Structure formats: C-alpha cells, structure tokens
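Listed below, chain by chain, are the residues.
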Amino acid sequence: MPVDERFTIRGFRNGDEAQILHLFARSFHAPRSPEHFDWKYRQNPFGRERISVAFDSGGILAGHYAGYPVPFRDGRRDLLAHHVGDTMTQLSVRHVGRGPTSVLGRTALHFYANFCERQVAFNYGFNVANIQKFSLRFLRSDRVEPVTYRLLDAKALTPIFRRERWLRGYRLQIVQRTDREWDQFFERVAPAYGMLVRRDARYVQWRYLDCPDVQYIVIAIRKFLTLAGWMVFRIRDDRATIGDALFDPDLIDAPEVLLRHVIPQWPVARVDGWFPSRPAWFDIVLNDLGFTKQPEPQDLSLMCVPFVENHIVPRMRQAMYYTWGDSDLF
C-alpha cells in the first residue's frame, strides 16, 4: 500500500506540545498538564525530546510516538533504553494506510530511525492487547512476558510498634531529596537483582520526587543508620499501590518492617504492585508476606524492541526486575 503523502512525519519542535496535550486528552480521556509534559520529555536527565509527530496537510496533529530515556544496569554494564508510551493517533486517520504505511506505523518508524538505531540498547513498554498485536506484526516488537501483578489483603499486615522496630534496629523516613547515599546503596545491592533500571539518586529524584502532578510517597528504611531499602507508594481509594522498591538482600526482614509500619496508617483494604518472580530471593520475601500472583487487570504485557542489544529479550526473560514505576502508568 503506498504512503499517503498528505501527512508529514518529523521530529518534535517547540510549540508542538499544545496539540500533543490536546490529542492526549482526547485519546486517553484524561488531561495532562504542560508541567508534566516538560518533566517527562524536557527535564529528563537521561535524554530529552525523543518525540516523533505526524501532521496532516492542514497542520493538525494526526499522530504521536514518543519515548523517554531510562538508564539500565545489567550485571556490570550500563545500558540506555527508551520507555515508549503515549502512542496515539486521531480517530479520523486510523483507516489511512495499513501497518507500516499507517500514520502510527510511519510515525513509529520515524522514531526508530531518528532516536533508536545505533543509539539505545532497546525500547520497552507495558502494552494492552491491541497495541501488542500491532507492535508484534509491524514494529519489530517481541512480547517478553505478561506483567506479574501481586495482591495482598491489607489486614495481613499487623502494625509494628516503635519499640519492636527500634529493638530490631530499624528507623523509617519520608524522603524529600536523594543524595550520594542512594548511589552507594544502588551499587551495593544491584548485583542481587540481575537486570534493572538504574535506581540511583538521580533517577529516583527525577522519577518520583520531581514529578509535578503525582503525589508519590517515598519511604526509606535504615538499620543502625545504614540504608536498608526503600519503597514508593500511591494511595488511591482503598488501595495502596507499591510503585517501586529496592532492598538489601542481606536484610530480608526490612520489607516486612516497612510495610507493617506504613500500610496500617492508611484506610486501605489491599496492597498491590508489579513484581516478577525475579530475583528469586525477593520473590520469596513477597510470598512470605502474603502477596499472591493475580492476572493483571488490563492484560498488560512487557514488550521490547531490540536495537543495539540484539539479544536482549531472552536476557529480560531470564533476569529483568521491574515494577509499576518502570512504566508511565504509575
């Protein structure tokens, strides 16, 4: 099928954001603020303005495909990947072309050519079934695995009293800023996780603490003043969602202490999160706490498009640790 020449595909330019935000609101039935757009695409410390757009002959935005750079650690290697999200087209153009000649397909391939080839290890995202099918067929994507969703009855977490925490050497803190201690902690514990987002001070500060319009709760736990781990929460209705977590494998009781301190303070009925069965030691910790694996409510799967790292998909299946916060859905 020939390419429809009515549409121009190009990279993002200043001023495009007004139409992008309008199309986002129409496509996902939710507003996004200019401040959120700037945080996500202009203030990301790992790379900025990785956006491809399609305009019709009248200058109206018809399609959008974007990603934000995310640093990874795999063993001793540092890799750069894109989290791809906000893929969208005007409803009126979805009949134009087919597959790679569609507006979405052409916009995605422009993104690949200009921001991915020979530049990043891979693209990844967490997609619903209809986007999965399109990506598998036309955009060189692989399905890594269904998202591992975990659920816990909040009543299972009996409160822990201050005296017990102190006798066990634990102190907790609400975090406002990260510092070099977080870098040192990541370097210490990362080998126990295999492959994961590089959750160092700069990443945690940008991803959670600097996010302009989502109120994340970041809790650090220390044992005898040494950082033992941290978790990130959102409280929504009767649910506490764990969006991220990183712990020292030598202090496997720290997650229990943190959850027993934090969760009973909120009127929630359940605790949920995304955690694969990797690493095995953390899977055991979650199972012992009472988390059960459930079908992911939106039938999401982790998807990947390899670039520099041609064989990354088997490695992800073998070793990748991910959480809800590794997506843009948390």
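Scroll up for the structure.
Cut-offs used in this document
- Residues numbered from 1 in each chain as written.
- Predicted model: local features only at pLDDT ≥ 70, side-chain atom pairs only at ≥ 80, totals over all residues.
- Heavy atoms only, no water.
- Buried < 20%, exposed > 50% of the residue type's maximum accessible area, 1.4 Å probe, protein only.
- Helix = DSSP H or I, 4+ residues; strand = E, 2+ residues; numbered from the N terminus.
- Contact = heavy atoms within 4.5 Å.
- Salt bridge = Lys/Arg side-chain N within 4 Å of Asp/Glu carboxyl O.
- Core = buried A, V, L, I, M, F, W, Y, C linked by side-chain atoms within 4.5 Å.

(A) Representation of helix H2 (residues 34–42). All buried positions along H2 are accounted for by His36, Phe37, Trp39, Lys40, Tyr41 and Arg42. For H2, the secondary structure elements touched by its buried residues are helix H1 (17–28), strand S2 (51–55), strand S3 (61–74), strand S4 (77–89) and helix H7 (201–209).

(B) Focus on the pattern of salt bridges. Applying the stated rule across the entire model yields 30 salt bridges. Measuring nitrogen to oxygen at the nearest pair gives 4.0 Å for the salt bridge that ties Asp78 to Arg198. One end of the pair, Asp78, is in strand S4; the other, Arg198, is in the loop between strand S9 (195–197) and H7, with 120 residues separating them in the sequence. Judged by its relative accessible area of 46%, Asp78 falls in the partly exposed class. Of the residues examined, Arg198 reaches a relative accessible area of 15% and is grouped as buried.

(C) Here's a closer look at the nonpolar core. Counting 81 residues, the largest nonpolar core has Phe72, Phe122, Tyr124, Phe233 and Met316 as the members making the most contacts within it. Ignoring sequence-local partners within four residues, the contact set of Met316 consists of Phe122, Tyr124, Val144, Met195, Arg278, Leu302 and Cys304.

(D) Examining the environment of Met88 more closely. Looking at where Met88 falls in the secondary structure, it is placed in strand S4. A C-alpha to C-alpha distance of 41 Å links Met88 and Ala254, two positions 166 residues apart in sequence. With near-sequence residues (within four places) excluded, Met88 lies in contact with Ile20, Leu23, Phe24, Ser27, Phe28, Ala62, Gly63, His64 and Leu104.

So yeah, pure geometry; function would need other evidence.
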